[in-house]
Every structure is written in structure tokens, then in C-alpha cells.
Amino acid sequence: MTEPADAATRRAPHDQPFGPWVQTTLTEGWDPEPVTGHPAVDGAAEAAAAHRAALLRALPGRTVVVPAGTAPVRANDTVYPFRAASAYTWLTGDQAEGAVLVLSPAGEATVFLLPSAGPGTLTYFTDRREGAVWVGGIPSAGATAQRLEVAVRPRTELASALAAAGDVHLLAGVDADVDALRPGAASTELARALDRLRAVKDDWEVDRLAEACAATARGFADVVAELPALLAGDGRRGERWLEGTFWRRARLEGNDVGYSSIVAAGANGTSLHWAPVDGDIRPGQLLLADMGVETTSMYTADVTRTMPVSGTWTPVQRRVYDAVREAHLAGIGEVRAGNAFLAAHRAAQWVLADHLHRWGLIDWSADDALHEDLTRPGAGAHRRYTLHSTSHLLGLDVHDCAAIEGAEYLATTLQPGHALTVEPGLYFQVNDRTVPAELRGLAVRIEDDVVVTDGAARVLSDALPTDGDDLVAWMASAQG
Ligand code: GLY
Ligand code: MN
Ligand code: MN
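The sections below set out a description of the structure shown in this document. All figures in this text were calculated on a predicted structure; none of them were measured in a lab. (Residues numbered from 1 in each chain as written. Chains lettered and ligands numbered in written order. Predicted model: local features only at pLDDT ≥ 70, side-chain atom pairs only at ≥ 80, totals over all residues. Heavy atoms only, no water.)

The next point concerns the coordination of the manganese ion (ligand 3). Each protein donor to the manganese ion (ligand 3) is listed here as Asp 290 (OD), Asp 290 (OD), Asp 302 (OD) and Glu 447 (OE); together their distances run 2.0 to 2.3 Å. For the manganese ion (ligand 3), the six donor atoms in the first shell make angles of 58 to 170° at the metal, a pattern classed as irregular. Read in sequence order, the donor residues for the manganese ion (ligand 3) give the motif D-x11-D-x144-E. Between the manganese ion (ligand 3) and the manganese ion (ligand 2), the interatomic distance is 3.3 Å, and Asp 302 donates to each metal, bridging them. Taken together, the positions of Asp 290 in strand S10 (residues 286-291) and Asp 302 in the loop between strand S11 (293-294) and strand S12 (303-308) put the pair twelve residues apart, joining distant regions of the chain. The same class applies to Asp 290 and to Asp 302, which are both buried. (Donors = N, O, S within 2.8 Å, 3.2 Å for Na, K, Ca; no water. Tetrahedral: all angles 85-135°; square planar, octahedral: opposite > 155°, others 65-115°. Helix = DSSP H or I, 4+ residues; strand = E, 2+ residues; numbered from the N terminus. Buried < 20%, exposed > 50% of the residue type's maximum accessible area, 1.4 Å probe, protein only.)

Now the structure itself:
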């Protein structure tokens, strides 16, 4: 038998066909579905309107097209959880899968939404993407228009709208179907303009980052509270337990994580993005936990603390920790309006290099190690142990605004509203013959999220202490 045309869009081979009798009865007897879908984020629509106005000023005279994207396939007909493209959310306050924003040169914003198949259609039952019984309630066009304060049209009208538009600039690489509608419209200029604007946060965005940091601090407290029980038991696969603990706190509060949590005990911390997260937790180890909550607004924190799991430092752990903390404070001290983005990096790396020199790990002075002439012997000598840059921009994306070209990004002059991390670290690999035995397998990183203001930097993640004594006191209090 055949099913109506609206019913056979996205099916799996194990799906059963519908007979004629059931096709009829399934589409009858329904009240309208309650509108659910994404919760509205307070203030998001107003902030987005201001963001659109800023984009129009930066790129006058163009039609701008920014898709939300679709969830990538995980396997066959199952997909990863959907997360809207950051630029789409920044410009609309919305997070609907498959939606596309078209912004006219006159500033008229239209969001083209995927159809939502509600009760009364067979698609309601048959389509894994559009059918509300599969994916949950999909906000109606009317509700979306009211919430976002923009015009809303069905996505089926997008092709004709784009064909009629003049100078179209498209954020490409987000939605392949949209890219195909205007292949010549892919605009690096748009991608860069968006990320330049997104780099400087308004007050609403700073509040969202502060929320993410507060939620992250609660997750860290939950993680620390689990340590005594893990250590009292066999501690096996303890990293996984702690990773799950952080994620559970995020999910309980309606949030998610902004990146895969890095929960690394002992020498696992020397792998920067320790991905297995399957190690044991043993007494006396350091735990390097790099975790960030992404709230329902999609802004994320990115915070690292390195903690002695047993609550006390060994002398060598404390020595390395205090060196990284000194670098961390030196870095934060350079985060102010008018300073170079790289000032924090240079200050932090100088402190680390100086300690490495005094400990005898590098033969070169900090000035030699940090010399800007990279062809000089000794230039970069510290990098064997410091591994990564000190800062990156932070916002909707953990590594925010990556469309800005490297030279421009690094040459940024800080201004109020720039949000960035300060995250120096020292890492001593277990197989590094240049490292004395007592240091091998030690890894320390301290990472805070910082906003540039008119005065001193505002550290959004300071609910979690960084002083070595304060940190273990906080751990003890979190463990009750
Ligand atoms: N969590 C990755 C980073 O700190 O950049
Ligand atoms: Mn970071
Ligand atoms: Mn991090």
C-alpha cells in the first residue's frame, strides 16, 4: 500500500508501514499541540536585535544569510544532539534546528523555519525530524515570531527568497542545503565580521557568561564532594565517575557542557585534551579538571582547577602549583583595556620560564626563552613544558571567534567586553629525560574566565579559589 506524500520523508527500514484504516484514524481526534520546544532565554531577543543592528553597521548594503544548521549524523538515522550555530543564535536569540536567518539591507529580519508536523498529519507519526511525536514539540511559526520579534516564514520559501535577493553574503559550512542554494555567496568577510563583533560582549552576554561560571562552580563542588568516597573505595574508573558527576549537575540545572570535560588524574593531565577520561583516582595524585557548563543561553564557561585529591599537597606538587599560580596572577594582571591580548600570555609565560630556569630545567633565562626572534637559540625553550597558549577568546563557543585570522586575533587590543581565558600550565611528561624523576607525570593548569572592564579585569570564575591553601580549604568545605 502507499502512504500519503507527507508521510514518507524520513523513515528507517525497520519502520512499519501504515495501513489505510490507521492512516485515517491517526490523523483524527486531536486538539492542537501545546507549544513547547526551546525555552525562551530572558533578554535573548533584545540582545539579538542589537547584534543585528551592529552587523548591519559593519556590513551595510548586503543581504546576510545565517543558518542554524542541523544535527550531524551519529550513525544511520540517529544524530548527535543538536546545537545551533553560534552566529545564528547571536543574531536571533533562537536555537531552532534547520532555521535560517535572512537579514535584508534595510534590517528586516526573517527566520525561515523547518515545517513542524503537528497532529492532523501522518508526518506527525512518520518523520523523525519533523514529526512532533518523534522530536518533541516544535514551536509554531506564530510563537517563534512573537518570541524573537522577527518575521517567520516556512523554510520551503527560502530558495525563492534567496533567488530574489541581490548581494547575498552567506555564512557557509553550517547547512549544506543552504550553501547549495547560492554557491557563490559564501562569505569569509561575513564570517570574520561576525566573529569580530562577537568578540566584544555586551552586558547581557557578560551576565550569561557569569551564569555559566556560577553553574560551573557548582559542578566543581559536586565533583570534589565525590573524592573521599572514590578514595575510600577502589577508585577504579574514577575519572569517568567525576566526569559524569559534573555533567549530571549541568543537566539537572537544565544545562549542558560546552566541551568534553577533561578530567585527568596524575600523569593523565600531561595530555592536554585527555580524551579517554577512564583513569583511576589514587591517593596522593593531582586531579586536573577542565570543565565548563554551557547554559541554555549557549554561553559557556571554561575553567580548570588542579587539586590534590587527598586534600593535601606534597612539597613538589605545591612548588609546581605555586609557580603556575604566580604565572596565572601575572597574566590576569595584564588583562585590561588598552593592553595587547598577548600581554597576559607574555607575562604568564615569563613567570613559567623563569621558574623552569631556576629549577634547572632550561639553560636559558626567561628573557632568552621568550625572545621574539624565534631563530635565536633558546627561543621557546620553555615550551617543552608549557605546551599551549595562555588565553583564548570565550563566549558562545569555548574557543570563540575562530574565524578571525590568527595575525589579527593575536594583535587584538583589549577593550571593555572582551572575554577570555587565562590558563597557564606546566606539564612534565613521564618519558621526558630532561625532567627529574620527582617532576615526571606532574601536570598543573589553572584556568579562569575573565572579562575586560574599564578598570581591573573581572574574574567570572573566582568562586573557585586558586590560592593553594584556599583551594584545599574550599575542597574540605565542599566535602562537608
Ligand atoms: N578546555 C579547553 C581549553 O581550555 O582551551
Ligand atoms: Mn581554555
Ligand atoms: Mn579549559
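In space, the three strands of this open sheet follow the order S9-S10-S12, with antiparallel pairing throughout. Either end of the sheet is taken by a strand with one partner, and the two such strands are strand S9 (262-265) and S12. This sheet shows a mean twist of 10° between the axes of neighbouring strands, independent of strand direction. Here S10 pairs with S12 via six bridges, running antiparallel. (Pairing = 2+ DSSP bridges. Axes fitted to C-alpha atoms, helices over the stretch in contact; angles between N-to-C directions.)

Applying the stated criterion across every chain yields a total of one cavity of 30 Å³ or more. Considered as a void within the structure, the largest cavity measures approximately 80 Å³ in volume. Residue lining of the largest cavity: 13 residues in total, with Ala 44, Thr 89, Gly 93, Trp 204 and Tyr 299 positioned closest to the centre. Only helix H2 (44-58) and helix H3 (86-92) provide two or more residues apiece to the lining of the largest cavity. (1 Å grid on protein atoms, 1.4 Å probe; cavity = no way out; pocket = protein on both sides within 12 Å on 5 of 7 lines; lining within 4 Å. Points joined across faces, edges and corners; volume = space filled by probe spheres on them.)

The next thing to look at is the coordination of the manganese ion (ligand 2). Around a metal, the idealised angle for a tetrahedral arrangement of four donor atoms is 109.5 degrees; for an octahedral arrangement of six donor atoms it is 90 or 180 degrees. At 2.0 to 2.2 Å from the manganese ion (ligand 2) lie its protein donor atoms, namely Asp 302 (OD), His 392 (NE2), Glu 423 (OE) and Glu 447 (OE). Bound by six donor atoms, the manganese ion (ligand 2) shows angles of 51 to 158° at the metal and therefore irregular coordination geometry. Each donor residue of the manganese ion (ligand 2) belongs to the same chain, with the gaps between them written as D-x89-H-x30-E-x23-E.

Turning to the site of ligand 1, a few remarks are in order. Residues in contact with ligand 1, as listed here, are Tyr 259, His 273, Asp 290, Asp 302, His 392, His 399, Glu 423 and Glu 447. His 392 places a side-chain nitrogen or oxygen 3.0 Å from an oxygen atom of ligand 1. Take Glu 423: an N or O atom from its side chain is 3.0 Å from an oxygen atom of ligand 1. Against a free-state accessible area of 200 Å², the protein chains account for coverage of 92% of ligand 1. (Near = heavy atom within 4 Å. Polar contact = N/O pair within 3.5 Å; in protein donor to acceptor, adjacent residues only side chain to side chain. Areas by Shrake-Rupley, 256 points an atom, 1.4 Å probe, with all protein chains shown as cover.)

What follows deals with the side chain of Glu 205. Assignment of secondary structure puts Glu 205 in helix H10 (residues 203-232). It turns out Glu 205 is buried and unbridged, and the closest side chain with the opposite charge, Lys 201, is 5.8 Å from it. Sequence-distant contacts of Glu 205, that is, excluding residues within four places in its chain, are made with His 51, Trp 90, Val 200 and Tyr 299. (Lys, Arg positive; Asp, Glu negative; His and termini not counted. Salt bridge = Lys/Arg side-chain N within 4 Å of Asp/Glu carboxyl O. Contact = heavy atoms within 4.5 Å.)

The next thing to look at is a nonpolar patch on the surface. A surface patch of nonpolar side chains, about 260 Å² in accessible area, is lined by Val 133, Trp 134 and Val 135. Residue placement: Val 133 occurs in helix H5 (residues 132-135). Here Val 133 falls in the partly exposed class, since its relative accessible area comes to 45%. (Patch = residues over 30% accessible without salt bridge, like charges linked within 9 Å, V, L, I, M, F, W, Y side chains within 5 Å.)

On to the packing of aromatic side chains, then. Inspection of the entire model under this criterion finds eight aromatic pairs. Considering the side-chain rings of Trp 30 and Phe 125, the 5.9 Å spacing of their centres and the 55° angle between planes classify their relative orientation as tilted. Taken together, the residues span a long stretch of sequence, with Trp 30 in the loop between helix H1 (20-26) and H2 and Phe 125 in helix H4 (residues 123-126) at a distance of 95 residues. By relative accessible area, Phe 125 is classed as buried at 18%. Where Trp 313 meets Tyr 321, the ring centres are 4.5 Å apart and the plane angle is 40°; that geometry is what we call tilted. By the burial criterion, Trp 313 is buried, and Tyr 321 matches it. Grouping aromatic residues by their ring pairs yields a cluster made of Trp 30, Tyr 124 and Phe 125. Its guanidinium or amino end placed over the ring of Trp 359, Arg 319 lies 5.0 Å from that ring's centre, counting from NZ or CZ. (Phe/Tyr/Trp six-rings, centres within 6.5 Å; stacked < 30°, edge-to-face > 60°. Lys NZ or Arg CZ within 6 Å of the ring centre and 35° of its normal.)

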